[in-house]
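Working through the structure, step by step
Below are the chains, spelled out letter by letter.
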Amino acid sequence: MWDTLSKFIPPIRWILLLIVLTLLFALTRIPATWAAYFMTQGSTLGLSGVQGTVWSGQARMASIEIDNRHYSLGALRWELSPWSLLTLTPCADVNATLENQNIDGRVCAGLGGSVRVSDTSVDAPASLIQAGVPVPIQGQLAANIQTLRMKGGQLSELQGNLSWTGARVQADGTWVTLGSFAAEARYDAERDALVADVFDLDGPIDLEVETRLPLAGGIFVEGELELTGAFSDQIQAREWLPMVLDHQAGNRYHVDLQF
């Protein structure tokens, strides 16, 4: 009986290979508009000017809505990884560009509506988040997302870092240079919050704080900061900063804020 079965094993292997190759060939013929339809269904992603195939496609313009705000991603391109289809977790290398803004990384979709983002870099002007900041800002943002997982629209994992270089804010019509800052970000499952350890890279502010953003809402900031004497005088910090921060000594303050 085994001898009889062994005769069919090689042909079965070739048949399976033929099926896989046929499916892959079929994907190369499916228009990119099909991929755009599935990517935008039930999501806040918008695509226009779609061309190419499911395998390799592009959109002339992509945008996404976050907290009722629309953000332009620019021209979007994707390349589907063929082997990822065999594990039922299709992955694509994506790139989106818009003027000084660039996003480059890998996105995978799993069963149950799960999404995983990995090895992704984001470079954009600080003006990208201007809508969520009460004062005018300038500078360049750079983020590196090592791992981000979402399931059912809920964040379940995050590991990455962020920097803000050439940071400037406008106060009373005058631009103030703050320097450059960085943060190590993660998702804290126990506190169900995004947590970022923020610190300075250069400039007149010595900063070391933990910023916590619970997914239920609110912002909590706690840590220490110290200003150089010249910068403290420039912004007249001694006159108003003790009203919002706990003055320690000299130009050093303890930060404990809730929004």
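Residues numbered from 1 in each chain as written. Predicted model: local features only at pLDDT ≥ 70, side-chain atom pairs only at ≥ 80, totals over all residues. Heavy atoms only, no water.

Examining the overall build of the protein
When you go through the protein residue by residue, the secondary structure sums to four helices and 14 strands. Of all intrachain contacts in the protein linking residues separated by at least 6 positions in sequence, the fraction that spans at least 24 positions is 32%. Accessible surface computed for the protein: about 16100 Å², of which carbon and sulfur atoms make up 59%. (Helix = DSSP H or I, 4+ residues; strand = E, 2+ residues; numbered from the N terminus. Contact = heavy atoms within 4.5 Å. Areas by Shrake-Rupley, 256 points an atom, 1.4 Å probe, with all protein chains shown as cover.)

Digging into the nonpolar core
In terms of nonpolar packing, the biggest core is built from 23 residues, with Leu178, Ile205, Leu207, Leu225 and Leu227 touching the most fellow members. Taken together, the elements giving at least two residues each to this core come down to strand 7 (137-151), strand 8 (154-171), strand 9 (174-188), strand 10 (193-202), strand 11 (205-214), strand 12 (220-227) and strand 14 (252-258). Leu47, Leu73, Leu76 and Val94 belong to the second largest nonpolar core, which has 12 residues in total. (Core = buried A, V, L, I, M, F, W, Y, C linked by side-chain atoms within 4.5 Å. Buried < 20%, exposed > 50% of the residue type's maximum accessible area, 1.4 Å probe, protein only.)

With respect to the pattern of salt bridges
Counted under the stated rule, the structure contains eight salt bridges. One salt bridge connects Glu210 with Arg191, and the closest N-O pair in it is separated by 3.6 Å. In this pair, Glu210 sits in strand 11 while Arg191 sits in the loop between strand 9 and strand 10, placing the two residues 19 residues apart along the sequence. Its salt-bridge partner being Glu226, residue Arg252 comes within 3.1 Å of it at the nearest N-O pair. Taken together, the residues span a long stretch of sequence, with Arg252 in strand 14 and Glu226 in strand 12 at a distance of 26 residues. Overall, the relative accessible area of 31% leaves Arg252 in the partly exposed class. (Salt bridge = Lys/Arg side-chain N within 4 Å of Asp/Glu carboxyl O.)

Digging into the side chain of Thr120
Its location among the elements puts Thr120 in strand 6 (residues 115-125). Apart from residues lying up to four places away in sequence, Thr120 is in contact with Ile103, Asp104, Gly105, Arg106, Ala143, Asn144 and Ile145.

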